[in-house]
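# Descriptive structure summary
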Amino acid sequence: MSSVAVGVFAVSAHADVEYTDQPQLHAIQQAVSAERIETDIEKLVSFGTRHTLSETESDTRGIGAARRWIKAEFDKISAECGGCLEVYYQSRVISDEPRIPEPVEVVSVIAVQKGTVDPSRYVIMSGDIDSRVSDVMNYTSDAPGANDNASGVAGTLEAARVLSKYKFAGSIVYAALAGEEQGLFGGQIMAEQAKQDGWRIKAVLNNDMIGNIEGINGVINNTTARIFAEGTRQDETPEDIRRRRFTGGEVDSPSRNVARYIDWMADRYIPNLDTMVIYRLDRFARGGHHRPFNDLGFPGVRIMETNENYNRQHQDLRVENGIAYGDTIDGVDFDYAAKLTALNAVSLASMAWAPSPPAEVKIAGAVSPSTTLSWAAPAEAEKEHVKGYRIYWRHTDAPNWEFSRYVGNVTEYTLENIVIDNYFFGVASVSQDDFESPVVYPGPAGAFGE
Ligand SMILES: [Zn+2]
């Protein structure tokens, strides 16, 4: 009855998983330009400091000049695609915070490329505008922030240039977020506004430092990147936690399955890049702008270099004992930043061309030889767009999905003679042209929402 080769372990990653190669994603990978990323990082560095508390009047120095330039770049990209981007500032006055004691307007720049089929569904790429030196309150000294995080903003602009040439089923958002170093304010403002506006966010790809290849430990490597993703979701209720204890899901939050998805995008579309999915929200005791989205239950990950150099982060520009400190542009590898930008671009495109991840995924099969998964039918807007669904499963200690079966356009399917206790299961939706959503683990632990 079943054609599953029980007992056969996949020898290489996703060896037993069928997948349709997508020529458009290779074209997107090839279109990303290291030269344009270099030009944009140079420009962002030229503002001297982009500290959140720095001056806003000058056209050449400070955070005000920087955000106006980013807005103008998004406007230019939009003009070239017939106004395909909705570009706007998003701001809130912050005060009485440890790192923002006096009232300061924290201003992010956001560009939205609306989907043609399911526009209220969003995937987001972000980078941070602001920079800092050793003293987080020093807003006058030069803080070039070339890698932290002009690289992330330049990558976000470049992804917008490349992807705005295409039309997608779901919406894509390009966000240059403000106030990161002072307390993750731009991300918090954006996440709260998105929730209030009913945005169905399916993935936040937060890019924070994507250009350094020389590690503090002496390793030089341009072929790996990290994807940080939390394991259990932050918005679990006590009932969710009780249920997870019995049915699993500790390593299958929607963020984690977005990370697995991006890991495969690297294998399939980015030459000479392997990603490490890190089973952790972020680095030890450090933060990033995916966190405020996770706090509200939205899936989100941090994409960044593998090899960090702490002499180049949050440092006053100086030479001490022969060591040059500071986040200057000579520490950025533009080809590497382009590689990680391409990883973002193909992942965003693939998710935005795919249908929404399945909702209301459930699993049953205790004390029986077979396992049954069920899920909600596609929403009205996506009825024509959905071709069907693919079920995935893996051994419980395997890092990524090992087996899959396309099951057609149904809302329930039984895997005959595959015992529920021995694997983790999930389901992805598939578009008419074979783009797939991330895999959704059953129940609240893995849910991507409606
Ligand atoms: Zn930083």
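Everything numeric here is computed off the predicted structure, so don't read it as measured data.

## So, the environment of Arg233
Relative to the assigned elements, Arg233 resides in the loop between β6 (224-229) and α6 (238-247). For Arg233, the contacting residues outside a window of four places in its chain are Ser253, Pro254, Gly297, Pro444, Ala445, Gly446 and Ala447. Side-chain polar atoms of Arg233 contact the backbone oxygen of Gly297, separated by 3.0 Å. Polar side-chain contacts of Arg233 include one of 2.6 Å to the backbone oxygen of Ala447.

## Details of the sheet that holds strand β12 (residues 371-374)
One open sheet accounts for 3 strands, arranged β11-β12-β15; its pairing is antiparallel. In this open sheet, the two edge strands, each paired with only one partner strand, are β11 (362-364) and β15 (412-415). Going from strand to strand, the sheet's axes swing by 20 degrees on average, the running direction of each strand aside. Bridge analysis of β12 against β15 gives 4 bridges, and the strand direction is antiparallel.

## What about the coordination of the zinc ion?
The zinc ion binds to the protein through Asp148 (OD), Glu181 (OE) and His314 (NE2), with metal-donor distances spanning 2.0 to 2.1 Å. Each donor residue of the zinc ion lies on the same chain, and together they follow the pattern D-x32-E-x132-H. With Glu181 in the loop between β4 (170-177) and α5 (185-196) and His314 in the loop between β8 (300-305) and β9 (318-320), this residue pair connects regions lying 133 residues apart in the sequence. The buried category is assigned to Glu181, whose relative accessible area is 7%. By relative accessible area, His314 is classed as partly exposed at 21%.

## Quick word on the side chain of Ser33
With respect to the element layout, Ser33 can be found in the loop between α1 (23-31) and α2 (34-45). You can call Ser33 buried: its relative accessible area is 11%. With near-sequence residues (within four places) excluded, Ser33 lies in contact with Glu158 and Ala338.

## Considerations on the pattern of salt bridges
Inspection of the entire model under this criterion finds 30 salt bridges. Across the salt bridge formed by Glu250 and Arg244, the nearest N and O atoms sit 3.9 Å from each other. Salt-bridge contacts for Glu308 lead to Arg283; the nearest nitrogen and oxygen are separated by 2.9 Å. Linking Glu308 in the loop between β8 and β9 with Arg283 in the loop between β7 (274-279) and α8 (291-295), this pair joins segments that are 25 residues apart in sequence. One network of salt bridges, in which partners are shared, links Asp208, Arg226, Asp282, Arg283, Arg286, Arg302 and Glu308.

## Here's the deal with the packing of aromatic side chains
In the structure shown here, the tally under the stated rule is 13 aromatic pairs. Both rings, one in Tyr19 and one in Tyr269, keep their centres 6.4 Å apart while their planes meet at 75 degrees; by these two values the pair is edge-to-face. Here Tyr19, found in the segment before α1, pairs with Tyr269, found in helix α7 (residues 254-269); they are 250 residues apart in sequence, far enough to count as distant. Among the aromatic residues, those joined into a ring-pair cluster are Tyr166, Phe168, Trp353 and Phe435. Over the face of the ring belonging to Tyr89 we find Lys71, whose NZ or CZ atom lies 5.6 Å from the ring centre. Taking NZ or CZ as reference, Arg256 lies 3.8 Å from the ring centre of Tyr279, over its face.

## Focus: the sheet that holds strand β2 (residues 104-113)
Sheets are built from strands that pair by backbone hydrogen bonding, the pairs being arranged parallel or antiparallel. In space, the 8 strands of this open sheet follow the order β1-β2-β4-β3-β5-β8-β6-β7, with mixed pairing throughout. A single partner strand is all that each edge strand has here, and the edge strands are β1 (85-94) and β7. When strand polarity is set aside, the average angle formed by the axes of neighbouring strands in this sheet is 25 degrees. Across the sheet, α5 touches β1, β2, β3 (118-128), β4 and β5 (200-207), and the angle it forms with β1 is around 115 degrees. Sheet contacts for α7: β5, β6, β7 and β8; angle to β7, the most-contacted strand, approximately 165 degrees.

## Digging into the state of the cysteines
As enumerated under the stated definition, the model contains 1 disulfide in all. Linked covalently through their sulfurs, Cys81 and Cys84 form a disulfide whose S-S length is 2.0 Å. Between Cys81 and Cys84, the S-S dihedral sits near -85 degrees, and the bridge is therefore left-handed. Residue class for Cys84 comes out buried when judged on its relative accessible area of 18%.

About the cut-offs
- Residues numbered from 1 in each chain as written.
- Predicted model: local features only at pLDDT ≥ 70, side-chain atom pairs only at ≥ 80, totals over all residues.
- Heavy atoms only, no water.
- Helix = DSSP H or I, 4+ residues; strand = E, 2+ residues; numbered from the N terminus.
- Contact = heavy atoms within 4.5 Å.
- Polar contact = N/O pair within 3.5 Å; in protein donor to acceptor, adjacent residues only side chain to side chain.
- Pairing = 2+ DSSP bridges.
- Axes fitted to C-alpha atoms, helices over the stretch in contact; angles between N-to-C directions.
- Donors = N, O, S within 2.8 Å, 3.2 Å for Na, K, Ca; no water.
- Buried < 20%, exposed > 50% of the residue type's maximum accessible area, 1.4 Å probe, protein only.
- Salt bridge = Lys/Arg side-chain N within 4 Å of Asp/Glu carboxyl O.
- Phe/Tyr/Trp six-rings, centres within 6.5 Å; stacked < 30°, edge-to-face > 60°.
- Lys NZ or Arg CZ within 6 Å of the ring centre and 35° of its normal.
- Disulfide = S-S within 2.5 Å.

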